[in-house]
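# Results of the structural survey
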Amino acid sequence: MVEATTIKQDTRARQKLNFSDYAPTYGAAIALTVLLILNLAFTPGFASFNNFSNILVQVTPTMLVAIGMTFVIATGGIDLSVGSVMAIASAVTAISLDYGAIPAVLIGLIVATAVGALNGILISSFKIQPIIITLAVLIAGRGIAQVISNGGQLIPFSNPTFEYLGKGLIAGVPVQILLLAATVGLAIFVFRSTIFGRYIAAVGGNETAAHLAGVPTVSTKLLVYAVSGLLAGIAGLIYTARLGASDASKIGDTIELDAIAATVVGGTPLTGGRASIIGTVIGALIMIVITTSFNMNDMKYSWSLVIKAAIILLAVYLQRPKTN
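Residues numbered from 1 in each chain as written. Predicted model: local features only at pLDDT ≥ 70, side-chain atom pairs only at ≥ 80, totals over all residues. Heavy atoms only, no water.

An unreviewed UniProt entry annotates the protein chain as ABC transporter permease originating from Hymenobacter montanus. Among the UniProt annotations of the protein chain, the heading Subcellular location (unreviewed entry) holds the following wording: "Cell membrane". (UniProt positions renumbered as here; feature names shortened; annotations may be inferred.)

What follows is the structure, given as structure tokens:
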């Protein structure tokens, strides 16, 4: 009898643990479903194909940055510099278009990845807190981008090949949406099926234990910040191509906050050790659907910020450490 009772208690404990592990992601999916149902019922024009396509186009840069942020946060870090990296990549690419679209894109992405890798080197090798390093790069990077663009001046251009990245269609689907879909699929594969994905979870779970177990913690952290820089660079180029100009003072401004919010709301805890790419996608969609619904209903944008803040607080509450 005692043994049967013990088995039942163990089963309940495992069920409770499983719910605790997946509640944030389920909660985000439920929240998105409720938002969509409410908008389909009460927002005129929300159900149109053009509106859904516009939502996906608008969310692409944020979602790309948020995926990179998921890699970083899964290791227990943070990257506040992504908006400035977007601006740097945009400015570098814009002034390099005279050499051709492909070389300019490669230069912009190399620079963005290098800035991310620099974050990783300073954080992993010199043991400086991520928030300090990336905050410094956030401030300095925006200034560097403005210096590159002659004091933050708008750099207009006309390059159909490059602009295709932000305005082109393949079989009626925007190029940037296809690029986003490929990135999401690759990120899911990395976390679920590669050693690198397991290394990220190990470092975020317990970096000291991971190091003692033979996990290359320094190179793992360097790589996740490089990935974050690369995806921020891609987001910056998409935004620039869509705009048809580089604006170093505005591109990527405050996007780090949306990216962090999408990641946390999607179920990746700020303490690291676990990541949910699907959750991040859902989190980013929640943010853009809230903004879109307020705009389409002529409601004050400030109230949408309040709702976003409440959702973030709820997500953090669900992810709090459980105590017996």
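### Remarks on a nonpolar patch on the surface
Where nonpolar side chains cluster on the molecular surface, the patch consists of Y26, I30, V34, L38 and F42 and spans about 550 Å² of accessible area. As for its position among the elements, I30 is in helix 1 (residues 2-42). Residue I30 is classed as exposed on the basis of its relative accessible area, which comes to 53%. (Patch = residues over 30% accessible without salt bridge, like charges linked within 9 Å, V, L, I, M, F, W, Y side chains within 5 Å. Areas by Shrake-Rupley, 256 points an atom, 1.4 Å probe, with all protein chains shown as cover. Salt bridge = Lys/Arg side-chain N within 4 Å of Asp/Glu carboxyl O. Helix = DSSP H or I, 4+ residues; strand = E, 2+ residues; numbered from the N terminus. Buried < 20%, exposed > 50% of the residue type's maximum accessible area, 1.4 Å probe, protein only.)

### Notes on the nonpolar core
The biggest cluster of nonpolar side chains holds 78 residues, and the ones touching the most others in it are V65, I67, F71, F162 and I286. With near-sequence residues (within four places) excluded, F71 lies in contact with A187, V190, F191, F196, I200, V224 and V227. (Core = buried A, V, L, I, M, F, W, Y, C linked by side-chain atoms within 4.5 Å. Contact = heavy atoms within 4.5 Å.)

### What to know about the UniProt feature "transmembrane region" (unreviewed entry) in the protein chain
Per the UniProt record, "transmembrane region" (unreviewed entry) is found at residues 23-42, 63-89, 101-123, 130-149, 169-191, 222-241, 275-294 and 301-318. Split by type, residues 63-89 is 74% helix and 0% strand. Its first and last C-alpha atoms lie 17 Å apart. Across residues 169-191 one finds 74% helix and 17% strand; the C-alpha atoms that close the span lie 30 Å apart.

### What to know about the side chain of T220
With respect to the element layout, T220 can be found in helix 10 (residues 217-243). T220 has contacts with F196, Y199, I200, V203 and V215, leaving out every residue within four places of it along the chain.

### Topic: the layout of surface pockets
The method is simple in principle: a probe with the dimensions of a water molecule rolls over the atoms, and the space it marks as empty is what remains. The space that makes up the largest pocket amounts to roughly 630 Å³. Considering the residues around the largest pocket, the lining is formed by 25 residues, among which T62, T254, I255, D258 and Y301 are closest to the centre. Breaking the lining of the largest pocket down by element, the ones donating at least two residues are helix 2 (49-74), helix 10, helix 11 (255-265), helix 12 (277-296) and helix 13 (301-318). Broken down by element, the residue count for the lining of the largest pocket peaks at 5 residues, all from helix 13. Counted by class, the lining of the largest pocket contains 15 nonpolar, 5 polar and 5 charged residues. (1 Å grid on protein atoms, 1.4 Å probe; cavity = no way out; pocket = protein on both sides within 12 Å on 5 of 7 lines; lining within 4 Å. Points joined across faces, edges and corners; volume = space filled by probe spheres on them. Nonpolar A, V, L, I, M, F, W, Y, C, P; charged D, E, K, R; others polar.)

### What to know about unusual backbone geometry
The residue K127 is not glycine, and still its phi comes out positive at about 55°. One can find K127 in the loop between helix 4 (101-125) and helix 5 (130-148). Using a relative accessible area of 59% as the deciding quantity, one classes K127 as exposed. For T254, which is not glycine, the phi torsion reads 65° and is therefore positive. Mapped onto the elements of the fold, T254 is located in the loop between strand 4 (245-246) and helix 11.

### Description of the packing of helix 4 against helix 10
For any two helices packed against each other, one specifies the crossing angle of their axes together with the interaxial distance. The interhelical angle for the contact between helix 4 and helix 10, taken along N-to-C directions, is 150°, at an axis separation of 7 Å. In this structure, the crossing between helix 4 and helix 10 has a hand that is right-handed. For the pair formed by helix 4 and helix 10, the contact residues are V105, L109, A112, T113, G116, A117, N119, G120, I121, I123, S124 and S125 on the first element and V218, K221, L222, Y225, A226, G229, L230, G233, I234 and L237 on the second. In terms of residue class, the contact of helix 4 with helix 10 is built from 13 nonpolar, 8 polar and 1 charged. (Axes fitted to C-alpha atoms, helices over the stretch in contact; angles between N-to-C directions. Left-handed = near helix turned anticlockwise from the far one by under 90°.)

### Examining the environment of M287
With respect to the helices, strands and loops of the structure, M287 is situated in helix 12. By relative accessible area, which is 6% here, M287 ends up buried. With near-sequence residues (within four places) excluded, M287 lies in contact with A261, V265, K308 and I312.

### Topic: the packing of aromatic side chains
The relative placement of two aromatic rings is captured by the distance of their centres and the angle of their planes. Evaluation of the coordinates by the stated rule reveals 4 aromatic pairs. Measuring from ring centre to ring centre gives 4.7 Å for F71 and F191, while their planes differ by 45°; the resulting arrangement is tilted. Highlighted residues: F71 in helix 2 and F191 in helix 7 (residues 175-193), separated in sequence by 120 residues. Exposure remark for F71: the relative accessible area of 4% places this residue in the buried category. Connected via pairs of aromatic rings, a cluster forms that spans F71, F191 and F196. (Phe/Tyr/Trp six-rings, centres within 6.5 Å; stacked < 30°, edge-to-face > 60°.)

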